[in-house]
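Listed here are the chains, written in short residue letters.
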Amino acid sequence: MSVIRVLVVEDDRIAADAHAEYVRRLEGFELAGIARSGAELAAFLRLGGEEPGRGASAVDLILLDMNLPDAHGLDIIRRLRGLGLPVDIIAITAVRDLQVVRSAISSGIVQYLIKPFTFPAFREKLDAYRDFRRNLVEQASATTQEEVDQAFASLRPATVAALPKGLSAETLRAVSGVLKQLHEPTSAVEVSEALSMSRVTARRYLEYLADRKSVLRTPRYGTRGRPEFEYTWARTPPGR
């Protein structure tokens, strides 16, 4: 999967630098730049001139503050959508007004992150977006219903409160990520080695995913002693 290039749009210098540093700390993401106003955003994306949006090819994702000194985030989103630019947007803002939230969602943002927040909360949103791109955006020209469902589900990952006691959403995403990348069945031992965790812990997460029908669980034959299972991420068979 290609690196996701991120443009931080934030007028507060401290917040902008913090968000940029957060991006640098995430695997699979690259900081494309920082814009501190609507005008700087327009200049970065080259929205003026005869070919508006020529600079958008250097950006995959915009982290957008909704209250900029010279523009409102909703107006920026509408302009980008009106130009048909293939750029995704995550709203990162202190705005809690329900009407603004609803308008932002209807305008096509992929996530809404309310300030203040911690790095783990930031990472969760961007990890979910990365899974979304992996499941849908970077697929072939055609897709299946299951792939579409999985893509949208990845934008709303399970929270810790929704998981059984002792399971974390972050570790669940890590285990799911390993399975999604593999095309061959894998065992709890192999997952535990890939993620540097105990075999018992890996099996708990794999069994949880199997019970939810997110992975297929089948016996692994040819092993001695206690029967071992292998797990495969559930994919729609060809032709369906």
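Higher on the page you've got the structure.
Fair warning: this is a prediction, and the values are worked out from it, not measured in the lab.

**Student:** Would you mind showing me how to read the sheet that holds strand β7 (residues 111-114) here?
**Tutor:** Strand pairing in a sheet relies on backbone hydrogen bonds, with the paired strands running either antiparallel or parallel. Here 5 strands make up an open sheet; going across it, the order is β2-β1-β3-β6-β7 and the pairing parallel. This sheet does not close on itself; its edge strands, each paired only once, are β2 (29-35) and β7. Neighbour to neighbour, the strand axes of the sheet diverge by 20° on average, direction disregarded. Inspection of the sheet shows strand β3 (residues 61-64) paired to strand β6 (residues 88-93) by 4 bridges, in the parallel sense. Bridged to Leu64 within β6 is Ala91. Across the sheet, helix α2 (residues 38-45) is in contact with β1 (4-9), β2 and β3; its angle to β2 comes to roughly 125°.

**Student:** I keep staring at the packing of aromatic side chains and nothing clicks. Help me out?
**Tutor:** How two aromatic rings sit relative to each other is given by the distance of their centres and the angle of their planes. Per the counting criterion, the structure on display carries 4 aromatic pairs. Relative to Phe122, the ring of Tyr22 lies with its centre 5.2 Å away and its plane at 55°, an arrangement referred to as tilted. Taken as a pair, Tyr22 in helix α1 (residues 13-24) and Phe122 in helix α5 (residues 119-137) lie far apart in primary sequence, 100 residues in all. Both residues of the pair, Tyr22 and Phe122, count as buried. Taking the centre distance of 6.2 Å and the plane angle of 35° together, the rings of Tyr129 and Phe132 count as tilted. Note that Tyr129 and Phe132 are positioned in helix α5 at a spacing of 3 residues, about one turn of the helix. For Tyr129, a relative accessible area of 0% translates into the label buried. When its relative accessible area of 9% is taken as the criterion, Phe132 is described as buried. Among the aromatic residues, those joined into a cluster by ring pairs are Tyr22, Phe117, Phe119 and Phe122. Its end group placed over the ring of Phe119, Arg25 keeps NZ or CZ at 3.9 Å from the ring centre.

**Student:** Can you walk me through the pattern of salt bridges in this structure?
**Tutor:** Side-chain pairs of opposite charge can arise whenever the charged atoms involved come near each other. This structure, assessed with the given rule, holds 9 salt bridges. Residues Glu10 and Lys115 are paired through a salt bridge, measuring 2.6 Å at the closest nitrogen-oxygen approach. Within this pair, whereas Glu10 is found in the loop between β1 and α1, its partner Lys115 is found in the loop between β7 and α5, the two being separated by 105 residues in sequence. Taken as a pair, Glu10 and Lys115 share a single burial class, namely buried. In this structure, the salt-bridge partner of Arg217 is Glu207, at a minimum N-O distance of 2.3 Å. Placement of the pair is Arg217 in strand β9 (residues 215-220) and Glu207 in helix α9 (residues 199-211), with a sequence separation of 10 residues. Arg217 gets classed as partly exposed once you look at its relative accessible area, which sits at 35%. Here Glu207 falls in the partly exposed class, since its relative accessible area comes to 22%. Overlapping salt bridges bring together Glu10, Asp65 and Lys115 as one network.

**Student:** Where do I start with the packing of helix α7 (residues 169-181) against α9 in this structure?
**Tutor:** For any two helices packed against each other, the geometry is given by the interaxial angle and the distance between the axes. It is at 10 Å that the axes of α7 and α9 come closest, and there the two elements cross at 75°. Accordingly, the angle class assigned to the pair α7 and α9 is roughly perpendicular. Only Tyr205, Leu206, Tyr208 and Leu209 of α9 make contact with α7, whose side of the interface consists of Thr171, Leu172, Val175, Ser176 and Leu179. In terms of residue class, the contact of α7 with α9 is built from 7 nonpolar, 2 polar and no charged.

The rules we used
- Each chain has its residues counted from 1, following the order in which its sequence is written.
- Thresholds applied to this predicted model are a pLDDT of at least 70 for local features of residues and 80 or more for the giving and counting of side-chain atom pairs; totals over whole chains, interfaces and linings are not thresholded and use all residues.
- Side-chain measures here rest on the full set of heavy atoms in the structure, leaving out hydrogens and waters.
- The criterion for strand pairing is that DSSP finds at least two bridges linking the strands in question.
- Runs of H or I in DSSP of at least four residues are treated as helices and runs of E of at least two as strands, each being numbered from the N terminus.
- Lines are fitted to the C-alpha atoms to define the axes, a helix being fitted only along its stretch in contact, and any angle between axes, read from their N-to-C directions, falls within 0 to 180 degrees.
- The contact rule is simple, with two residues in contact once any of their heavy atoms fall within 4.5 Å.
- The rule is short: rings of Phe, Tyr and Trp, with Trp giving its six-membered ring, pair when the centres are within 6.5 Å, and they are stacked under 30 degrees, edge-to-face over 60, tilted in between.
- Using a 1.4 Å probe on the protein chains alone, a residue whose accessible area is under 20% of its type maximum counts as buried, one over 50% counts as exposed, and one in between counts as partly exposed.
- Both a distance and an angle decide whether a charge sits over a ring: NZ of Lys or CZ of Arg must be within 6 Å of the ring centre and within 35 degrees of the ring normal.
- Here a salt bridge means any side-chain nitrogen of Lys or Arg lying within 4 Å of a carboxyl oxygen belonging to Asp or Glu.
- Each angle receives one of four descriptions, namely roughly parallel if under 35 degrees, roughly antiparallel if over 145, roughly perpendicular if within 65 to 115, and oblique otherwise.
- Under the scheme applied, nonpolar residues are Ala, Val, Leu, Ile, Met, Phe, Trp, Tyr, Cys and Pro; charged residues are Asp, Glu, Lys and Arg; polar residues are all the others, including Gly.

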